[in-house]
Amino acid sequence: MTGHISHNINWNDRYVQGTCNKKQIMMLKLQFIQNKQLKRLLEHGTYLTIIFVLVPAFVYFELVVVLPATVEEWSIPYFVHLACATFLLMNILGNMIYGMFTDTSIKGTVLDSENKENWTLCAVCECLRPPRAWHCNTCDICILKRDHHCTFFACCVGYYNHRYFMCFTFYIFVAMVYAFYYNVKFLAIYLKWNNGLVIGKFLFPLACFVIDFGDETVYVFLVEINFIVAMFTGFLFFYHFNNLLKGKVTPEIKHNSKEVTYNRGLKQNVIEVFGSRWYLVWLSPYFKSPLPGNGIEWNGEDKCK
Ligand SMILES: [Zn+2]
Ligand SMILES: [Zn+2]
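So, a few notes on the structure that sits alongside this text. Computed from a prediction, not measured in an experiment: that's the story for all the values here.

So, on to the overall build of the protein chain. The helix and strand tally for the protein chain stands at nine helices and eight strands. Across the 305 residues of the protein chain, 24% fall into the buried class. Sequence-distant contacts, at least 24 apart, represent 58% of the contacts inside the protein chain between residues at least 6 apart.

If you look at the biggest cluster of nonpolar residues, it comprises 33 residues, and the most contacted ones within it are Phe153, Phe165, Cys167, Phe168, Tyr171 and Ile172. Counting residues per element, this core draws most heavily on helix α4 (residues 162-190), at 12 residues. For Tyr171, the residues in contact, after removing those within four places along its chain, are Leu88, Asn91, Ile92 and Asn95.

Most of the time, phi is negative for any residue but glycine, and the peptide bond is trans. Here the phi dihedral of Trp74 falls at roughly 60°; this positive angle occurs in a residue that is not glycine. Mapped onto the elements of the fold, Trp74 is located in the loop between α2 (22-70) and α3 (76-101). Its identity as a non-glycine residue notwithstanding, Lys145 has a phi of 40°, on the positive side. Note on placement: Lys145 falls in the loop between β4 (141-143) and β5 (148-150).

This next bit is on the packing of α2 against α4. At a closest axis distance of 9 Å, the pairing of α2 and α4 adopts a crossing angle of 65°. It follows from the interaxial angle that α2 and α4 lie roughly perpendicular. Where α2 crosses over α4, the two elements pack in a sense that is left-handed. Contact residues: Glu62, Val66, Ala69 and Thr70 in α2; Ala179, Tyr182, Asn183, Lys185, Phe186, Ile189 and Tyr190 in α4. When its residues are assigned to classes, the contact of α2 with α4 shows seven nonpolar, two polar and two charged.

So, on to α2. Along an α-helix, a turn takes 3.6 residues, which lines up residues three or four apart on a common side. A rise of 1.5 Å per residue sets the reference length of α2, with its 49 residues, at 72 Å; its end C-alpha atoms lie 67 Å apart and thus fit the reference within 8%. At Ile50, α2 is deflected by roughly 40°, the largest bend along its length. Those residues of α2 that sit buried are Phe58, Glu62, Val66 and Thr70. In the core, the buried residues of α2 are packed alongside α3, α4 and α7 (215-245).

Bringing the packing of α3 against α4 into the picture now. At a minimum axis distance of 8 Å, the contact between α3 and α4 shows a crossing angle of 150°. With respect to each other, α3 and α4 are oriented roughly antiparallel. Crossing hand, α3 versus α4: left-handed. Here Leu88, Asn91, Ile92, Asn95, Met96, Tyr98 and Gly99 of α3 lie close against α4, whose contacting residues are Tyr164, Phe165, Cys167, Phe168, Tyr171, Ile172, Val174 and Ala175. Split by residue class, the contact of α3 with α4 holds 12 nonpolar, three polar and no charged.

Calculation rules
Residues numbered from 1 in each chain as written. Chains lettered and ligands numbered in written order. Predicted model: local features only at pLDDT ≥ 70, side-chain atom pairs only at ≥ 80, totals over all residues. Helix = DSSP H or I, 4+ residues; strand = E, 2+ residues; numbered from the N terminus. Buried ≥ 20, exposed ≤ 12 C-beta atoms within 10 Å, placed from the backbone. Contact = placed C-beta atoms within 7 Å. Core = buried A, V, L, I, M, F, W, Y, C linked by C-beta atoms within 7 Å. Axes fitted to C-alpha atoms, helices over the stretch in contact; angles between N-to-C directions. Parallel < 35°, antiparallel > 145°, perpendicular 65-115°, else oblique. Left-handed = near helix turned anticlockwise from the far one by under 90°. Nonpolar A, V, L, I, M, F, W, Y, C, P; charged D, E, K, R; others polar. Expected span 1.5 Å × (residues − 1). Bend = angle between axes of the 7 residues up to and from the residue.

Right under this line is the structure:
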């Protein structure tokens, strides 16, 4: 497991080993900082695009264009769809905001300086960290039970915000599958299938923006994005859900750590991520669901013993 520490760049070691001189170290440091800032900038761009461009574009398209075209306006099904859309939107944005603003790092936690079993040293934070906590180069701090760095949240997914990430991906997936069904219905009614340009719009949506910019082109493009996002979030959700059922985080799956396992059986593994009120977290991110531990104390079962 100590292999994780090698992810951290230790400039001093390189200098001492003689693989780099002082000037090269300075250049490497500068490059590292620039790459990190670029990554941060891209991440901020990603979630701002989601919140201010993609979500409003989809809400408008689904509720103002597709819904009145596929369901009779002001009928009971019309209001049922409106209620479902509101529920999904609240859960997607709510879980995203909670996930972003829930601190899951070691900052502010009192870590016992005494060396305990399975604790490792972080060369960057210069402290001993609990089992399953790893350093994130982008967040620049150690994260409790670190799963991965999430570009949509612009922060790490760890012990305290794992539940929000799971609900966020789940509801985007559900919303995208739900929308896709009605979007296909809508396109079948709306598109004029009598010319070859329609096929072109499906194959080269971006090129068609130049040739024939109109409602039709925009709608086809949105439905294609809809399909891609559904596939992507579906994969993300099922991959991470499968991991959490096994009681593992992504690095433990990747490095296939066989020495220590934190698998406590299906139900306990679910509670470890979603908290004691695991059945309520699916209704809203505002429901509190206390986690059984503190992300520091881990009683791993040592398989080597
Ligand atoms: Zn660290
Ligand atoms: Zn991170």
